[in-house]
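The primary structure of each chain is shown beneath.
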Amino acid sequence: METIVLPHLPGQPLQVCLFANVQNAQFLRQQLLDGNANFEYAFLDAAVLLSRQHVLAACFRAINDMLQGRLKSKNVHSEIVFSLSPNNNISESFRRFGVSETTNHILAIKVGGDQAQVEEHLRQHVEGQMVAFTDGALAGMRDESRIRKAYKVDIASVQADAFIIGSMALKGS
Amino acid sequence: MTETTPVLKDRLPIPFNTSPEPFTLVAQGAESLLYKTTFLSPSQPAALKVRPVKKWRHPTLDKRLTRARILAEARVLVKLSGEGIATGSGGRKVKDPKKGDVGAGGMRGMVPAVLGLDWEQGWLVTDWIEGGTVKEAIYRASRSRAGTGVPGVGDDEARVEELTQLLRKMGEVVGKLHACGVVHGDLTTSNMMLRPHATQARSTSTSEGSLDGDLVLIDFGLATQSVSEEDRAVDLYVLERAFGSTHPREEDLFACVLEAYAQGEGSGMKGKAGKTVLRKLEDVRMRGRKKSMVG
Ligand SMILES: Nc1ncnc2c1ncn2[C@@H]1O[C@H](COP(=O)(O)OP(=O)(O)OP(=O)(O)O)[C@@H](O)[C@H]1O
Ligand SMILES: [Mg+2]
């Protein structure tokens, strides 16, 4: 569990928690579908995440769009999922980057909130091992073919990070 | 090297206007301000380009122009970073006969990476390129050459050799850029950075007069996508003229740029394509001369 304060966005600290080998992805997804107010999180499928920087770029874009009153989806948490996408299709972005029944590893992000409370809540409801949110951990969870497909690139390593992050930043232009 | 001028944060766009992070004004152009700050992580330096509102321009027109220029720059940078790896419509599935071969990885490391932008607010963040501009590096090298006292012949030769290598790099990188189907539009030695090699120790990288390092192209605000030989020749002509007036002492060596452009290792304009551009360049020079005789 880690609290990340993005430069320039001190008012929107991120509570971030990476879970390996999650057993109840279906339950977590259902909470989001039901709009359960206790589950205000971005639950990302860690298999399609390239690096910390990749994730933080999506968070910055989502929060900036929120501050500008330009959210394209329901709230800042769904917007983080959408921000990972290189195109404007919202439901496709949820399918590609959000938690699904078959998700093994989950990155949970909450904008704002209290670290201890968030950690306690996640521990209670996510059946998986908390691991440190590092590039190394993400590399071990990555599904390269899914990343290649999502971003239309033929390599899914850090070699492609500039193109991937740039494509996310340009989305909707 | 860059003095810290107090930055008036409230003149920055949202969300930077309320940011606790440090901003250093690095350059102030006619259309834009460039700050060094951080982005995504407090330990990650970044370049923030802001295009402030032009009060004298009609607001709707101003918004449109700001948006167009921010987006033009970002789109070209992202396209270049995907060169050789992107498989979608932005990538090169269909081979354009006028496009040269750049190889996988394309321009990676030769242009800054886009980290974020807001075309409504008029800002663009790219990663920070360490080192300084090629212009500064050449000035520094020429000063330290003059400062060695006895102008030892061997020392001078070494300097010329280093400078030649740098000029060749310039030609190669511009060649790669053109082969990617992009012309820069404002090639000068201030729009090129010399980044010390990752392995170079800090002390040697900033050492007096070193011309070693990787060449990085910046400032794509006027870049366009084009494979026309004419446009490519004009791009080189702009560089030639800028180089001559900025570095008159080194002007004679400029031929190295053109040579490397058309045949250098790693250049994308090897062979026939490059030669055609150089022939066009002669026409462009001719026209330039006529124009300056009339004007
Ligand atoms: N990514 C970067 N990293 C480090 N320094 C940079 C970077 N981008 C720009 N600079 C510095 O800032 C100066 C101005 O930047 P740039 O050339 O992009 O702006 P400009 O000439 O004002 O722009 P424009 O012509 O688009 O209005 C450069 O000459 C360089 O010294
Ligand atoms: Mg410039």
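The rules behind these values
- Residues numbered from 1 in each chain as written.
- Chains lettered and ligands numbered in written order.
- Predicted model: local features only at pLDDT ≥ 70, side-chain atom pairs only at ≥ 80, totals over all residues.
- Heavy atoms only, no water.
- Contact = heavy atoms within 4.5 Å.
- Buried area = accessible area lost by both parts, 1.4 Å probe.
- Salt bridge = Lys/Arg side-chain N within 4 Å of Asp/Glu carboxyl O.
- Polar contact = N/O pair within 3.5 Å; in protein donor to acceptor, adjacent residues only side chain to side chain.
- Phe/Tyr/Trp six-rings, centres within 6.5 Å; stacked < 30°, edge-to-face > 60°.
- Helix = DSSP H or I, 4+ residues; strand = E, 2+ residues; numbered from the N terminus.
- Buried < 20%, exposed > 50% of the residue type's maximum accessible area, 1.4 Å probe, protein only.
- Lys NZ or Arg CZ within 6 Å of the ring centre and 35° of its normal.
- Pairing = 2+ DSSP bridges.
- Domains from an automatic or database assignment.
- Nonpolar A, V, L, I, M, F, W, Y, C, P; charged D, E, K, R; others polar.
- Core = buried A, V, L, I, M, F, W, Y, C linked by side-chain atoms within 4.5 Å.
- Axes fitted to C-alpha atoms, helices over the stretch in contact; angles between N-to-C directions.
- Parallel < 35°, antiparallel > 145°, perpendicular 65-115°, else oblique.

**Section: the interface of chain A and chain B**
And step 1. Taken residue by residue, the interface counts 32 residues in chain A and 37 residues in chain B.
And step 2. Here chain A packs against chain B, burying approximately 2700 Å² in sum over the two surfaces, 65% of which is carbon and sulfur.
And step 3. The interface formed by chain A and chain B contains 2 salt bridges.
And step 4. In this structure, Asp161(A) and Arg108(B) form a salt bridge, with 3.4 Å as the shortest nitrogen-oxygen distance.
And step 5. In this assembly, chain A and chain B are joined by 12 residue pairs in polar contact (both at pLDDT 80 or more).

**Points about the packing of aromatic side chains**
And step 1. Under the definition given, this model contains 11 aromatic pairs over all chains.
And step 2. Taking the centre distance of 6.2 Å and the plane angle of 85° together, the rings of Phe23(B) and Tyr35(B) count as edge-to-face. A residue pair is termed long-range when its members are at least 10 positions apart, and Phe23(B) in the segment before β1 (24-28) and Tyr35(B) in strand β2 (residues 33-39) qualify at 12 residues. Side by side, Phe23(B) and Tyr35(B) carry an identical accessibility label, which is buried.
And step 3. Consider the rings of Phe39(B) and Trp123(B), whose centres lie 6.3 Å apart with planes at 65°: the pair is edge-to-face. One end of the pair, Phe39(B), is in strand β2; the other, Trp123(B), is in strand β5 (residues 123-127), with 84 residues separating them in the sequence. Per residue, the accessibility class of Phe39(B) equals that of Trp123(B), and both read buried.
And step 4. Its guanidinium or amino end placed over the ring of Tyr41(A), Lys110(A) lies 5.1 Å from that ring's centre, counting from NZ or CZ.
And step 5. Sitting above the plane of the Phe82(A) ring, Lys171(A) keeps its charged end 3.6 Å from the centroid.

**Thoughts on the sheet that holds strand β9 (residues 214-217) of chain B**
All names here are of chain B.
And step 1. Spatially, the 3 strands line up as an open sheet ordered β6-β8-β9, and their pairing is antiparallel. Strand pairing shows two members of the sheet lacking a second neighbour, β6 (132-133) and β9, which therefore form its edges.
And step 2. Where strand β8 (residues 192-195) lies against β9, 4 bridges are found, and the strand directions are antiparallel. In the sheet register, leucine 194 faces β9, and the bridge partner there is leucine 215.

**A look at the domain arrangement of chain B**
A common way to state how big an interface is: give the accessible area lost once the parts meet.
Residues and elements named next belong to chain B.
And step 1. One can read the domain layout of chain B as domain 1 (9-127) and domain 2 (132-290).
And step 2. In this assembly, 21 residues from domain 1 lie in contact with 22 residues from domain 2.
And step 3. Buried surface at the junction of domain 1 and domain 2, summed over both partners, amounts to about 1800 Å²; 62% is from carbon and sulfur atoms.
And step 4. Taken together, the connections running from domain 1 to domain 2 amount to 1 salt bridge.
And step 5. A salt bridge links aspartate 219 to lysine 49, with the nearest nitrogen and oxygen atoms 3.2 Å apart.
And step 6. Here the side of domain 1 that touches domain 2 takes 6 residues from helix α1 (residues 59-81), the largest share from any one element.
And step 7. Residues that form the side of domain 1 that touches domain 2 fall into these classes: 8 nonpolar, 3 polar and 10 charged.

**Let's talk about the nonpolar core**
And step 1. Counting 111 residues, the largest nonpolar core has Leu14(A), Leu44(A), Ile109(A) and Leu117(B) as the members making the most contacts within it.
And step 2. Both domain 1 (9-127) and domain 2 (132-290) of chain B contribute no fewer than three residues apiece to this core.
And step 3. In contact with Leu44(A), other than residues within four places in its own chain, are Leu49(A), Val55(A), Ile80(A), Val81(A), Leu84(A), Phe97(A), His105(A), Ile106(A), Leu107(A) and Ile109(A).
And step 4. If you look at the next biggest cluster of nonpolar residues, it comprises 14 residues, including Leu28(A), Phe39(A), Phe43(A) and Ala108(A).

**Comments concerning the packing of helix α3 (residues 76-83) of chain A against helix α4 (residues 90-97) of chain A**
Residues and elements named next belong to chain A.
And step 1. Where α3 meets α4, the closest approach of the two axes is 8 Å, and the angle between their N-to-C directions is 80°. When the interaxial angle is binned, α3 and α4 end up roughly perpendicular. Counted together, Ser78, Val81 and Phe82 of α3 and Ile90, Ser93, Phe94 and Phe97 of α4 form the full contact between these two elements.
And step 2. Broken down by class, the residue content of the contact of α3 with α4 amounts to 5 nonpolar, 2 polar and no charged.

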